[in-house]
Structure formats: structure tokens, C-alpha cells
Amino acid sequence: MFVGALRADVAPRPLYLDATQSIEARIDDLLPRLTLEEKLGFVHANSKFSAGGVERLGIPRLWLADGPQGVREEIGPDTWASAGWTNDFATAMPPGIGLAATWNPELAVATGRVIGEEARMRNKQVMLGPGLNIMRTPLGGRNYDYFGEDPWLAGRMTVGYVRGMQAEQVIACIKHFAANNQEQERGRINVEMDERTLREIYLPAFEAGVKEGGALAVMGAYNQFRGEHCCHNDYLLNQILKKEWGFTGAVISDWSGTHDTRQAVLNGLDLEMGTNGAYDDFFLAKPFREGIKAGTYPVALLDDKVRRNLRMLIATGALDQRRPGSINTAEHLATARRVAEEGIVLLKNTGGLLPLDPAKVTTIAVIGENAVRKFAAGGNSAGVKAFREITAFEGIVARAGAQANVTFSTGYRQPVRRSVYQVDAAGVRGSELSPAKPEEIESLAVRAVRAAQEADVVIFVGGLSHQTFGDDEGTDRRDLSLTAHQDELIARIVAVNPRTVVALITGSPVVMDPWLAKVPAVLQAWYGGSEAGTALAAVLFGDVNPSGKLPCTFPKSLKDSPAHAAGLARQFPGENGTEHYDEGLLVGYRWFDTKQIEPLFPFGYGLSYTQFAYTNLKVVSGTAAATATVQFDLTNTGTREGAEVAQVYVHSAHPRLARPEKELKGFAKVALKPGETKTVTIPLTSRAFAFYDPAQSAWSAEAGAYTIQVGGSSRDLRLEANYQLTTTTVGR
Ligand code: BGC
């Protein structure tokens, strides 16, 4: 009998297809089986959103998709045009800024899980999110897509999101690494900042995402950093991300963010996406192949990139039986609703106008185009083709329509996209952005004022939109004002009806002259995703007690804000191709507090329908060196159930190098019944006391005196304790 050859159908399963083997063993087995061409296929795109795949070996392509707020509509595969599918509707989660405003990392986990399950259903392995660039300027067009101005808060949200998503067999690609803090000139601008600022402000959320969250993908930013594009920046990618932080996943370029073969090969890029032109002309395609053949680049460099991409692919279960996904489920919508509810920030509530009792009003006038507008599709890459999106008006009608008359008046018209709406980019003011002509502006206002006069209560739904010069990818805002003459309109409305609530739908701070003093109640609702209107109504009518806090400072005017205070183009938006972060560490409240500038609303601020008392602060040493445990009691002293975000700030009394006045180093969101007290314990690691010491290239938590401040916002510190670090700890 002939026994020398095995028949193909009884051949043993190759090791790389054996799900019981470790990922590394599977890669070790697979890599030598790949030809040079097949390997190259894994390091550059082969459609708008895919790469790799080897049919003969049963290796599927790696499919990627935007974005941070839900799985984006199917496009292409080779064009940006819609693929015209009817089964790619998804749940729209509230954007990053709204998630950060919940100050609830569990909701970040839940968000990651929802998007992960939906991505699996859509057969995606890598989701291009979350976005975690720090809000350096309130004008940043993409602020809405990110987690606000504080590295600790952004880091906590990142870790939760990444863990939640990756638990769903979907890789989270944290983006945009690094210093992509404005949209103007984003593809070219060179960012310069000192090392401490990089380490203490712009990197920590990424570092946490990699080291604690275990993110297996990082997207390089469009801009340059110290003269080298971030998608192939040796310092950021090789030295910091891979060597210092031990990142084992893949660096993916932003779409068209690759500019040079040599740098892409040598400086840490693993997957080139979105370059214009034929796929084989990509920097990591033909030119890389030729370089390898000519001996310019060792194959080992290619192998390392392939390994990293395979690590992602195999980790998702793409070579095995992947769990089935699900999309638009009741649970997903319930999570979207919870995030939206918990993210709404009550900015003002004098005289207890809120919550409204629909049984005690006859007519509610809802005014404002944002009340009937849908936002989930907007903003470009973060847009979602929402299966369901409840507008503010729909939410209010559903909640109160059976008991009260709910009327609607448009009030103003938000701007439309630049291609349609010709504006002079240099001269235009934000408040004037509207396609409406003067007569139309006035007639809309007159009708809105009449509607306000005829109502018991007005709910003005205003804010920005995802249009050009708004909360928009690709452009920054012109100034801090509300668009479409809303300021004047609100002033006119509140003059005829003082029972006016203003609900703002924006993804970034706005100024509120000339109406804030006259309006009794203001809510910051962000963009709320699929259940935006349901969530807003639940807060307005008191079914949900607001518990969101601002993840960013709202300045009184732009010139109060750090990147704009000096009014220099070199600081914003850059001069001669370079932008200098001269404000250094003083970003957000770090600036306002150190320089003692009064903000309109401070970082961490947000009211509730109940009140909280803070007592019994104790700070004791932790078990490890240079750590501490902060403990205090929190009591709900009001009559409604509610949740408080208790915040811990650290102030260094005599720092060797200058430090911001105080820094957020811990927080906890605590739910309390009326009269209930809970003891809250918040650990502080040595990093909580440390600054980055460029001379030692390390974090230094120095012995000395610190003040621990605890309270409900960065400017509402109720408890304070001194704390002495007895030893100095230096570490990475
Ligand atoms: C954005 C990324 C996005 C990519 C793919 C880029 O323009 O900056 O955030 O993931 O496009 O759509």
C-alpha cells in the first residue's frame, strides 16, 4: 500500500488555523508560508478599507471601518461613494465629548461593546476609534469626536472603550497619534512643543490606551511632529510607542497620511491606508518591494509589519469561528440612551424651572432647527447611517405630548456645507453662518417670538451642527459664538417669555452672551446619537436626574483661552507651516486656574436636581511607594435620587519644575438615594504626583508637600488635605 503522501482532505489542519494555539505560535507558523507578494499585501490597502488576505491559505482580508460612534455606512470598496447597501444601518452612539461628559468609564466599556458587536455583524475586524486627541482649542472642528481637555479623563474613557470593544473580538484603533489638535492644515502642519507638554498632556491617554487598555492598533495623525509626519515619525512610533510602551499591535496610517517610502518602512508604520492612486503604487507597495529586492530594506522589517497586522487579524478570531454579531438591538439602543442621558450637563437652573412637569403646563413651545435636525450622519468620518435617531422635538412630543400642547417653530437655519454655501473663509463670523437671507432671518425670528409668547414654557434647542466651520472634520470654528444669529434670537425670546430653557446641541464650548443672565435654565446636551431626543426629554421632565459634568472649560471669550491668549498665529493656527504650543502644559483648566482667569463654566462642572455634601476627607499612604488613597463621605442632601462625579485634584506645593495649579488625578461617579451617604475611595498612583522630568527622561514623583482637593468641579472644591510624599520615585 502507498503510504508516502497524505491526501489533501485528510491533511492535518495547519497550526496557524488552530484556535487553541497562541497567537504568536500561529503567526510563527503562518509567516514562512507567505510569499513576498502576500506579505506586502498585508502592509498596504487593497480597497478603501481593507488590506491583506491570502485565499490559498484561508486567510481573510483585514476589514477596517470608521468610526468612534458606530459602524460607518458601507462605501466603495474602491470609491468613497456609498455602496448603496440597505443592511448597514447602525446604532449611533453619542460622540466622544458626550461620552466623556458622563465621567463614567463603565459607559465607555459599554460603548465599546455595542460598537464591537455591530462591527462583528458587519464583518469588520478593526474599528477606527476611539478618537482621543486633547481639546487644545475650543475651536477645533473635531472636538466633538474626542474626550475633552484632560489627559486623565480622556485616558479613563479610552481604556474603557478599548477594553469593551476588544472583548468583542474587534480591534480598537486609537487615534490620531499625536498632536492632531486642529483641522486647519491638518495634513501638513508641523507641531512643536516641549517634551513635558508632550508627555504630560498629549500622550497620556494614548499611553493608557496601549498599556492598560491593550489597544492593538494606533492610527498615526495627519500632521507633522518636530518636522516628521506622524504616520512615519521615528520618535513617536519607534521610540515611544513601540520601544517605551511595548506596543505589539499595528500602526495604521490615517487615510493619505503616508508621504514617503523610506520613512514609512523605517519609522514604524505597519499599514498604509488611503493613499491616492493605484494600490500597487502605494509607498509600501511597489517602492517597498523594489527596495527589498535591491537590498535597501531587510525583509525582517516587512516581517515585523506583517506580524503586527496578523496579530490584529488573528486576535479577532477572523481565522476561526467568530462569534456572530448583532446590530440595532434593543440593548444597543438602551446603552446609547444611557450614555446620552448621563452625558447631559445641567449648566444653570435658577428658580427650579427644571425639571418641567408636563401636567402643569398647557403649551410648550419648542424652538430651533436643532430640535428637528438629525446629527448622526454628520461630521464626515465619524458619521453613522443611523437606524434610528430620535430628534429633540420627537423626544419631547413622545414624553409630554399627551399632557401638553407641543408647538414647533424653526427660529433659525443652520449653515450648510461649504460647497453649497459660499463663504469667505477668512472673514466670516460664526454667528453669521446661515444660508438664510436677512428677510428670512427676521421672519423666522418673528414667528419664533410669537410661538414663545403663546406658550407657558419655551424649550429653545440651539447650538452648532456638523457643517463647515462647525463641529466638523476638516475645518475649525471661526469663533465661539452660536451660529445663525441664535444669540439675538434667544435674547428676544426670553424677553417675551422668561420661562425659557435653552438646550444646547454642540460638541464644543460656546459663549452665551447676551442671554445667559436672563435665561433661567441651560442644558448642554452635546450630540446624543440614536436616542438623543429621548434622553433630552428624560432630563427635561425629570425622569432622569442630570449627572454629566463638563469635560472641557467653557471660556468667557476666546482670548481667555490658552492657545489664543497671545493672539499669535504661531500658536494658532500656525505660521509658515509650523505651530508652536507655547502655552505648554497649561491646557484647559490648567491654564485658567494657574492664570486665575474666570471661565464661563469650569472644567468638571455640572448641576443636579439634588445636592451633595462632601465630608471626612482622609488621605493615607498607599501600599506602594509614592501612592495614596483618598477617602471621603458623599451624601445626597436633597430629595431626589442622583449621581455625583466627585473629582480629586492634586496640587504640588513646591515643585522643582513649574507645574499647573492643580491637576485631575482621580474621580468617581457615585449614585445616591435621597439622604444616603457613601464612603468613596479613590486610589492615587505615583503618576498622580509625578511630572515628566526631561533631564531624566522619566516620571518623577518627588518627596514633598502636596494638597489633595476634592469636589464637584475644578472650581468647586469642598475638601482639602495636605499630604506629604516621603520618598522620591522615578520611573517610566
Ligand atoms: C480621518 C480618520 C478616519 C479616516 C478614514 C480620515 O480623514 O482623519 O479619523 O478614520 O479618514 O475615514
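Please read all numbers here as calculations on a predicted model, not as lab measurements. (Residues numbered from 1 in each chain as written. Predicted model: local features only at pLDDT ≥ 70, side-chain atom pairs only at ≥ 80, totals over all residues. Heavy atoms only, no water.)

> Explanation requested: the packing of aromatic side chains in the structure shown.
The geometry of an aromatic ring pair comes down to the distance between the two centres and the angle between the two planes. Considering all chains together, one arrives at 22 aromatic pairs under this definition. On the numbers, 6.4 Å between centres and 75° between planes, the contact of W526 with F554 is edge-to-face. Of the two residues, W526 is situated in the loop between β16 (521-524) and α16 (532-540) and F554 in the loop between α16 and β17 (578-580); the sequence distance between them amounts to 28 residues. Each member of the pair, W526 as well as F554, carries the same accessibility label: buried. (Phe/Tyr/Trp six-rings, centres within 6.5 Å; stacked < 30°, edge-to-face > 60°. Helix = DSSP H or I, 4+ residues; strand = E, 2+ residues; numbered from the N terminus. Buried < 20%, exposed > 50% of the residue type's maximum accessible area, 1.4 Å probe, protein only.)

> Where do I start with the site of the ligand in this structure?
As a structural note, the neighbourhood of the ligand is formed by 15 residues, with D66, R142, H176, D254 and E473 the closest of them. D66 is positioned such that a nitrogen or oxygen atom in its side chain is 2.4 Å from an oxygen atom of the ligand. Contacts to the ligand include R142, whose side-chain N or O atom sits 2.7 Å from an oxygen atom. Here the ligand has 310 Å² of accessible area as a free molecule, and 96% of this is covered by the chains. Its residues assigned to classes, the shell around the ligand comprises 6 nonpolar, 2 polar and 7 charged. (Near = heavy atom within 4 Å. Polar contact = N/O pair within 3.5 Å; in protein donor to acceptor, adjacent residues only side chain to side chain. Areas by Shrake-Rupley, 256 points an atom, 1.4 Å probe, with all protein chains shown as cover. Nonpolar A, V, L, I, M, F, W, Y, C, P; charged D, E, K, R; others polar.)

> How should I be thinking about the pairing of strand β5 (residues 171-177) in this particular structure?
Within a regular strand, the side chains alternate between the two sheet faces. Here β5 lies mainly inside the structure; 7 of its 7 residues are buried. Relative to β5, strand β4 (residues 126-127) runs parallel, the two being bridged by 2 bridges. Within β5, the position partnered with V126 by the bridge is I171. The parallel pair β4 and β5, bridged by helix α5 (residues 151-166), forms a crossover whose chirality is right-handed. The sheet contact formed by β5 and strand β7 (residues 217-220) spans 3 bridges and is parallel. Looking at β7, one finds that I174 is bridged to V218. (Pairing = 2+ DSSP bridges. Right-handed = clockwise from strand over helix to strand, strands pointing away.)

> Before we go on, may I ask you to explain the state of the cysteines in this structure?
By definition, a disulfide links two cysteine residues through a covalent bond between their sulfur atoms. Considering all chains together, one arrives at 0 disulfides under this definition. C230 takes part in no disulfide bond, and the closest cysteine sulfur, belonging to C231, lies 7.1 Å away. Judged by relative accessible area, which is 0%, C230 ranks as buried. A relative accessible area of 0% places C231 in the buried class. (Disulfide = S-S within 2.5 Å.)

> Where do I start with the side chain of K662 in this structure?
Relative to the elements of secondary structure, K662 occurs in the loop between β20 (642-652) and β21 (663-672). Within polar-contact distance, the side chain of K662 engages the backbone oxygen of S714 at 2.9 Å. If we skip the residues at most four places from it in the chain, K662 touches Y589, R590, D593, Y649, V650, H651, Q709, S714 and L717. (Contact = heavy atoms within 4.5 Å.)

> Where do I start with the confidence of the model for the protein chain in this structure?
Detail in the predicted coordinates should be disregarded across regions flagged by low pLDDT. Chain-level statistics for the protein chain give a pLDDT mean of 96 and a share of 97% at 70 or above. Across residues 1-6, confidence stays below pLDDT 50; counting only partners more than four residues off in sequence or on other chains, it has 1 contact. (pLDDT = per-residue confidence, 0-100.)

> Whenever I open this one, α16 confuses me. Can you help?
Given 3.6 residues to a turn, an α-helix orients residues that are three or four positions apart in the same direction. Among the 9 residues that make up α16, 8 are buried, leaving the element largely enclosed by the rest of the structure. Of all the positions in α16, only G533, T534, A535, L536, A537, A538, V539 and L540 are classed as buried. Among the structural elements, α12 (330-343), α13 (392-400), β14 (457-463), β15 (500-505) and β16 are those in contact with the buried residues of α16. Looking one or two residues past α16, G542 carries a phi angle of roughly 80°, positive in sign.

> Quick question: what am I supposed to make of the pattern of salt bridges here?
If charged atoms from side chains of opposite charge come close, those side chains can pair. Evaluated as defined, the whole model comprises 58 salt bridges. Between R120 and E168 there is a salt bridge; the shortest N-O distance is 2.6 Å. Of this pair, R120 sits in helix α4 (residues 105-121) while E168 sits in the loop between α5 and β5, and the two are 48 residues apart along the sequence. Classification of R120 as buried rests on a relative accessible area of 8%. Judged by relative accessible area, E168 falls into the buried class, the value being 4%. Residues R142 and D145 are paired through a salt bridge, measuring 3.4 Å at the closest nitrogen-oxygen approach. On the basis of relative accessibility, which here comes to 3%, the residue R142 falls in the buried class. The network of salt bridges with common partners includes R142, D145, E183, R186 and E473. (Salt bridge = Lys/Arg side-chain N within 4 Å of Asp/Glu carboxyl O.)

> Sorry, what's going on with the nonpolar core here?
Grouped burial of nonpolar side chains is what soluble globular proteins tend to show. Counting 113 residues, the largest nonpolar core has I59, V126, F177, L241, I252, F288 and M312 as its most contacted members. Sequence-distant contacts of M312, that is, excluding residues within four places in its chain, are made with L62, V126, I171, L216, A217, A250 and I252. Residues Y412, V461, V510 and A538 belong to the second largest nonpolar core, which totals 74 residues. (Core = buried A, V, L, I, M, F, W, Y, C linked by side-chain atoms within 4.5 Å.)

> Just checking my understanding: could you explain the side chain of R311 for this structure?
Mapped onto the fold, R311 is located in helix α11 (residues 299-315). Judged by its relative accessible area of 13%, R311 falls in the buried class. Residues contacting R311, with those up to four places away along its chain left out, are I23, E24, I27, L216 and T248.

> Explanation requested: the pairing of β14 in the structure shown.
Most of β14 is tucked away, with 7 of its 7 residues classed as buried. Here β14 shows two buried faces, one formed by V457, I459, V461 and G463 and the other by V458, F460 and G462. Relative to β14, strand β12 (residues 363-367) runs parallel, the two being bridged by 4 bridges. Note on β14: the bridge partner recorded for A365 is V458. As for the winding sense of the linkage, the β-α-β connection from β14 through helix α15 (residues 486-496) to β15 is right-handed.

> Looking at this structure, how should I read the sheet that holds β17?
The strands making up a sheet associate through backbone hydrogen bonding, with each pair oriented either parallel or antiparallel. Spatially, 4 strands are ordered β9-β8-β6-β17 in an open sheet, and the strand pairing comes out mixed. Single-partner strands in this sheet number two, and they are β9 (228-229) and β17. Of the pairings in the sheet, the one linking strand β6 (residues 190-192) to strand β8 (residues 224-225) comprises 2 bridges and is parallel in character. Bridge assignment links N190 to a residue of β8, and that residue is Q224.

> Teacher, can you tell me more about the sheet that holds strand β18 (residues 612-621) here?
Sheet architecture is open: 3 strands sit in the order β18-β19-β22, paired in antiparallel fashion. Of all strands in the sheet, those bounded by a partner on one side alone are β18 and β22 (677-684). Ignoring strand direction, the axes of neighbouring strands in this sheet form an average angle of 20°. Where strand β19 (residues 628-636) and β22 come together, 8 bridges link them in antiparallel fashion. Across the sheet, the residue bridging to L634 is K678, located in β22. (Axes fitted to C-alpha atoms, helices over the stretch in contact; angles between N-to-C directions.)

> Help me understand the environment of G542, please; the structure alone is not making it clear to me.
Turning to its location among the elements, G542 is positioned in the loop between α16 and β17. The spacing of G542 and L356 is 186 residues in sequence and 6.9 Å in space, taken between C-alpha atoms. Dropping the residues within four chain positions of it, G542 is found in contact with P355, Y609 and R640.

> Got a minute to help me understand the domain arrangement of the protein chain in this structure?
Reports often express the size of an interface as the amount of accessible area lost when the parts come together. Per the domain assignment, the segments making up the protein chain are domain 1 (35-315), domain 2 (344-552) and domain 3 (612-731). The C-alpha-based centres of domain 2 and domain 3 are spaced at 36 Å. For the domain 2 face of the interface with domain 3, the top three residues by lost area are N545, S547 and K549, together amounting to 80%. The tally of links from domain 2 across to domain 3 stands at 5 residue pairs in polar contact (both at pLDDT 80 or more). Of the residues contributing to the side of domain 2 that touches domain 3, the split by class is 1 nonpolar, 3 polar and 1 charged. (Domains from an automatic or database assignment. Buried area = accessible area lost by both parts, 1.4 Å probe.)

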